Amino acid sequence: MIVPLLISLPFIGGMIGYFVSKYDNTKVKAIALTTTLLELFLALWFLSELITGGARSQTYSYWWMKSLNINFTFGIDGLTVAMVLLTGLIFVVSVVSARDRIKMREGTFYALLLFMEAGLMGVFTSFNLIIFYIFWEIVLIPAFFLVGIYGGKNREYAALKLFMYTHLGSLFMLIGILMLYFYTGSFNIYEISKLSSVISPNVRTIIFVLLFIGFAVKIPLVPFHSWLPDAYTEAPYPVSIVLSGLLSKMGLYGLIRLGITLLPLTYAHYAEEIAIFGLVTIFYAAFSALAQKDIKRLVAFSSLSHVGFITLGIASLSLIGLNGAIFQMVSHGLMIALLFLLVGLLRRSTGTSSISKLRGFVSKNHFVGWFLVFASLASLGLPGLSGFVGEITILMGTYETFSIFSFIAILSLPLTAGYYLWMLQRSAFGTQNERVKRAYFKIKGSEAFVVVVLAILIACLGFYPASLMHLVSATSQTLLKLTGGI
Amino acid sequence: MVLEHFYPEIIIAFFAFATLFIDITLKKDHKDFLGYFSLAGIALALISVIVQSISTMASYSAGKEVQVVFFNGMIYNDIFAMFFKVVFLVVALFVVLASVDYTRKDNYKGEYYSLILFATFGMMLVAMAGNLILLFVSLELASISTYALTAFRKNKANTEAAMKYFIIGALSSGIILFGMSILYGVTGTTNIYEIAKIIPHVKDSFNSALILSVVLLIAGFGYKIAAFPFHMWAPDAYQGAPSTISAFLAAATKKMGFVAIIRILVIALPLYVSEWGVIFGVLGVLTMTVGNFSALKQTNIKRMLAYSSIAQAGYIIAAIAVISSTIPNVKYLAVAAALLHILTHALMKGGAFIAVAGVSLLGIGTEIKNYRGLGKRMPVTAMALTIFLLSLAGIPFFAGFISKFLILAATVEARGIYIWLGIFLVINSVVSIYYYGRVIKYMYFEDFQGDKLKEPKLIATSLVVLAFLVVLIGIAPQKFVHFSMYAAASLFSHGHGVVMLH
């Protein structure tokens, strides 16, 4: 059985790496990389298991706390597989990008990073609410330490803020989960889904709001976002990749898996409000990105803006919108990882990530320069790349249910294009300034390889989106049937 | 034979006296032997309690009747009592193990270890007492031993702490005795289970006397468990006492108050259930809130841990308040949750204070800012302390999460007004992350240049084992939850078999 292996492998790898680093500090990188590669291989195996087992979802159970009727339940469906694959890939990127960046206490760093991978795999595969909640919280601990120990100047503040903010949200979610248990007598997602319509609508609303707070803090949606700029910018680049690429996905995944599956009718009832949250986030983040002077912060806010888009797609409750949202979750993970990776390389070579100090870096180093341009274009939604497919499908889906919101969301596209192009115009091209002239670019083979692979994946998904769409479509249909949408 | 049911108590009492006698014969350089000697006694007693509780649980599940009531109702040796005995003995075990390192340079070791054993003996009797007189006498045995232990080093801080602790402790004992005497006056018996039978038939004119007695009992035991507004002595006493004794006070002695409260209020005064339910609900919320918000501004780690211990007592009190719920089976869950939190809190808080003891042994102060860079200087201690703090904050896969989760589950299942207890618990948990996280921040996040220190071996050993237990309960809680559920069920069965819930 593959899921326990998927969760325990990074954990074991992290432990081995930590203890080996006590004696030989040079091997820990290789161990971490091997573990993440094996994990990616396992994720691919996971995919094959879904394909051979048909598109229907499968579950496996093990007892954990019998007195309270809690067991480990793991399942497979299209959404799970998409997220597991993304997780496997992003952690390879993160470990590769950490090779030259993390110089102190490497054993601890890679151990924490791998523990986080284990937690994320648990979140994306659990079908029991308590186990889901536990993994959800477990992810937070390594994140807290990774930001707090290896972060920038303001790291202690950022780490504590990240911890307290998201923990508060999670605890409200826990109350919601417990209320669901006492009204339905089960922690199993599928069982609750069948029974939840018995609960009176008022109680369902309370439960839904409690759950939603947990997701909204994690996604994050404006106005629950204030931990985000601190955490994303203070974190070291390898961790920023994980935070923006995967931590936000936890919230979105929760919104789809728990929000729609557990309380489909309540979700359908409040879809419009959720869409408004998404819209506000899109515009707030886009305007904030426009005002940033630092590329890393700009990327952070652009990530927030994308996440708002995805929320809009999830709220649309149409097949094409939900498919688009899941597609964009994967695509956003790839794009944001590529962006942070390249900005990290730029920062390492020039010593700065301030837009005004980076004038002319494309002519200094073509590789980093042009791929950064490529990633920016992908992120602003250039046709032919994956970002475009995601956005256009979300907009089409939203048009089916909330046509006005769709028009409003379109207005944000020029803004997105605006801040990326303006950033490129101010920094990438033109005559090199002093700092860039003095810079010394040294890109490792492994880093270049990862950059190229990510770029190819983005392009492939852009040209042939059906590959991923097929995978998730069955799941989306099942989910929408619950809400009475199809 | 009756005595075979009391091997743990006999062992502890024997070792307590033997320690005193051996102390006379030993030369000054060899006194560390006393530590290992009492350690052996506690370990023996612990093993026999565990064997006893496993066999008792097994006979219950096989449907066999087990003798629980001894000496004409003086002693109720049920699973509830065994659960607490396990808690007390585990704490005593680790405190003694850490004390061998901690008191290496001190005098009066014979008295130190025998007092710990006597205190443990007293607490074990409190756990079993079915009679108010026995309960009070053993409460005093345990309390007086700990007053002396607090002043063990006879320096200014110790003496001041012991004085405060003694005065408040003696006062509260007086209040408890007063409450008990009124209860006796109204019902005419000192047996807790007899009182439960008589109370429904008490004349209405005695009601005011009964209420007075309930209030006095709550106030008296409120001092013992350091509930708001009777909590002021705790930070002073824990700060001034030797750190291993702080561990003993916070992790074990305080829990003794909870046994007595649960036995007397739940068993003897069930008719007044709704009234003390409200009182405890309010007390619980105030205790956790005051504890947490006072802990926020502490700069001394022992005071911070003391206030955190007050806050944790608030969670347990909230769980006890839920017992008054009328929804069937919730009271079992509530007692089980309270018991499990008592166990996990004993492990976490005991561990945290032992870690502080280890740090202060190496000459590092007890101010939180002194802990800067501890992650590099004392990696084992810092890692264990981090686990204890995260567990206290209620993070999953640590013991504290499981017990807090059960308390939250009990409040939510009780529905109605009880759910507010759960919401306060949640908000308080988040507040607490700030001050626990701050210690971790100092240990790991701040840069510090300093030599790696040699960690005291026995303290490090006890920390590693405690941290392992904390993680074990977090990952595989089934056995422990089961034990606490059985203990809860045996409490309500009044000594006649056990009703298991499913």
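Residues numbered from 1 in each chain as written. Chains lettered and ligands numbered in written order. Predicted model: local features only at pLDDT ≥ 70, side-chain atom pairs only at ≥ 80, totals over all residues. Heavy atoms only, no water.

Caption draft 1: Up close: the overall build of chain A. Assigned secondary structure in chain A consists of 22 helices and two strands. Relative to its length of 486 residues, chain A is compact, with a C-alpha radius of gyration of 21 Å against a globular reference of 23 Å. For chain A, the spread of C-alpha atoms along the three principal axes comes to 70 × 60 × 45 Å. Within chain A, the proportion of its 486 residues that are buried is 66%. Contacts in chain A between residues at least 24 apart in sequence constitute 81% of all its contacts with a sequence separation of at least 6. Looking at chain A as shown, the accessible area adds up to about 16000 Å², and 67% of this sits on carbon and sulfur atoms. With 32 positive and 19 negative side-chain charges, chain A shows a spacing of 8 Å between the two charge centroids. (Helix = DSSP H or I, 4+ residues; strand = E, 2+ residues; numbered from the N terminus. Rg over C-alpha atoms; globule rule 2.2 N^0.38 Å. Buried < 20%, exposed > 50% of the residue type's maximum accessible area, 1.4 Å probe, protein only. Contact = heavy atoms within 4.5 Å. Areas by Shrake-Rupley, 256 points an atom, 1.4 Å probe, with all protein chains shown as cover. Lys, Arg positive; Asp, Glu negative; His and termini not counted. Charge placed at Lys NZ, Arg CZ, Asp CG, Glu CD.)

Caption draft 2: Seen up close, the interface of chain B and chain A. Opposite the 42 residues of chain B that make contact, chain A presents 34 residues. For the pair chain B and chain A, the summed buried area comes to about 3500 Å², and 81% of that belongs to carbon and sulfur atoms. When the buried area of chain B at its contact with chain A is split by residue, Phe397, Phe405 and Phe445 of chain B rank highest and sum to 19% of it. At the surface where chain B touches chain A, the tally comes to one salt bridge. Among the ionic pairs, Lys441 of chain B bridges to Glu156 of chain A, the shortest N-O distance being 3.8 Å. Scanning the region where chain B abuts chain A turns up three residue pairs in polar contact (both at pLDDT 80 or more). (Buried area = accessible area lost by both parts, 1.4 Å probe. Salt bridge = Lys/Arg side-chain N within 4 Å of Asp/Glu carboxyl O. Polar contact = N/O pair within 3.5 Å; in protein donor to acceptor, adjacent residues only side chain to side chain.)

Caption draft 3: Highlighting the packing of helix H7 (residues 155-184) of chain A against helix H10 (residues 227-234) of chain A. All names here are of chain A. Taken N-terminus to C-terminus, the directions of H7 and H10 make an angle of 135°; their axes are 9 Å apart at the nearest point. Compared by their axis directions, H7 and H10 come out oblique. As for how H7 packs across H10, the hand of that crossing is left-handed. Of the residues in H10, those in contact with Arg155, Tyr157, Ala158, Lys161, Leu162, Tyr165 and Thr166 of H7 are Trp227, Asp230, Ala231 and Glu234. Considered class by class, the residues forming the contact of H7 with H10 number six nonpolar, one polar and four charged. (Axes fitted to C-alpha atoms, helices over the stretch in contact; angles between N-to-C directions. Parallel < 35°, antiparallel > 145°, perpendicular 65-115°, else oblique. Left-handed = near helix turned anticlockwise from the far one by under 90°. Nonpolar A, V, L, I, M, F, W, Y, C, P; charged D, E, K, R; others polar.)

Caption draft 4: Region of interest: the layout of surface pockets. Roughly 1900 Å³ of internal volume is contained in the largest pocket. Lining of the largest pocket is provided by 50 residues; of these, Phe11, Met15 and Phe115 of chain A together with Met383 and Ile387 of chain B occupy positions nearest its centre. When residues of the lining of the largest pocket are traced back to their parent elements, those giving at least two are helix H1 (2-23), strand S2 (70-76), helix H4 (106-125), helix H5 (129-138) and helix H6 (140-150) of chain A together with helix H14 (374-377), helix H15 (379-392) and helix H18 (457-475) of chain B. Tallied by class, residues from the lining of the largest pocket come to 35 nonpolar, eight polar and seven charged. For the second largest pocket, the calculated volume is near 550 Å³. Ile50, Val86, Lys479, Phe480 and Phe483 of chain B are, among the 20 residues lining the second largest pocket, the residues nearest its centre. Every element with two or more residues in the lining of the second largest pocket is listed here: helix H2 (32-61), helix H3 (79-102), helix H13 (330-361), H18 and helix H19 (478-492) of chain B. It is H3 of chain B that provides the largest number of residues to the lining of the second largest pocket, a total of six residues. Within the lining of the second largest pocket, the residues separate by chemical class into 16 nonpolar, three polar and one charged. (1 Å grid on protein atoms, 1.4 Å probe; cavity = no way out; pocket = protein on both sides within 12 Å on 5 of 7 lines; lining within 4 Å. Points joined across faces, edges and corners; volume = space filled by probe spheres on them.)

Caption draft 5: Geometry of the packing of aromatic side chains. Summed over the entire model, instances satisfying the criterion amount to 53 aromatic pairs over all chains. On the basis of an interplanar angle of 25° and a centroid distance of 5.8 Å, the ring pair of Tyr133 of chain A and Phe401 of chain B is categorised as stacked. Taken together, the residues Tyr133 of chain A in helix H5 and Phe401 of chain B in helix H16 (residues 399-414) connect one chain to another. Relative accessible area serves as the criterion here: at 4%, Phe401 of chain B is assigned to the buried category. Each member of the aromatic cluster is reached from another via a ring pair, and the members are Phe208, Phe212, Phe224, Tyr267, Tyr270 and Phe277 of chain A. Here the basic side chain of Lys441 of chain B rests over the ring of Tyr442 of chain B, its NZ or CZ set 5.1 Å away from the ring centre. (Phe/Tyr/Trp six-rings, centres within 6.5 Å; stacked < 30°, edge-to-face > 60°. Lys NZ or Arg CZ within 6 Å of the ring centre and 35° of its normal.)

Caption draft 6: Molecular detail of a nonpolar patch on the surface. Residues and elements named next belong to chain A. Residues Phe11, Ile12, Met15, Ile16 and Phe19 make up a contiguous nonpolar surface patch of roughly 460 Å² in combined accessible area. Structurally, the position occupied by Phe11 is in helix H1. Exposure remark for Phe11: the relative accessible area of 39% places this residue in the partly exposed category. (Patch = residues over 30% accessible without salt bridge, like charges linked within 9 Å, V, L, I, M, F, W, Y side chains within 5 Å.)

Caption draft 7: Broad picture of the side chain of Thr19 of chain B. Relative to the helices and strands, Thr19 of chain B resides in helix H1 (residues 7-25). Judged by its relative accessible area of 0%, Thr19 of chain B is buried.

Caption draft 8: Expanded view of the nonpolar core. In terms of nonpolar packing, the biggest core is built from 412 residues, with Met116, Phe145, Leu243 and Ile314 of chain A together with Leu269 and Ile320 of chain B touching the most fellow members. Broken down by element, this core gets its largest block of residues, 21 residues, from H13 of chain B. Filtering out sequence-adjacent residues up to four positions away, Leu243 of chain A remains in contact with Met116, Ala143, Val147, Ala231, Tyr232, Ala235 and Ser248 of chain A. (Core = buried A, V, L, I, M, F, W, Y, C linked by side-chain atoms within 4.5 Å.)

Caption draft 9: Focus on the packing of H15 of chain B against helix H17 (residues 419-445) of chain B. Residues and elements named next belong to chain B. It is the contact of H15 with H17, at a shortest axis distance of 9 Å, that shows an interaxial angle of 160°. Taken together, the axis directions place H15 and H17 in an arrangement best described as roughly antiparallel. Classified by chirality, the crossing of H17 by H15 is left-handed. Within the contact between the two elements, H15 uses Pro379, Ala382, Met383, Leu385, Thr386, Leu389, Leu390 and Leu392 and H17 uses Tyr436, Val439, Ile440, Met443 and Tyr444. For the contact of H15 with H17, the per-class residue count stands at twelve nonpolar, one polar and no charged.

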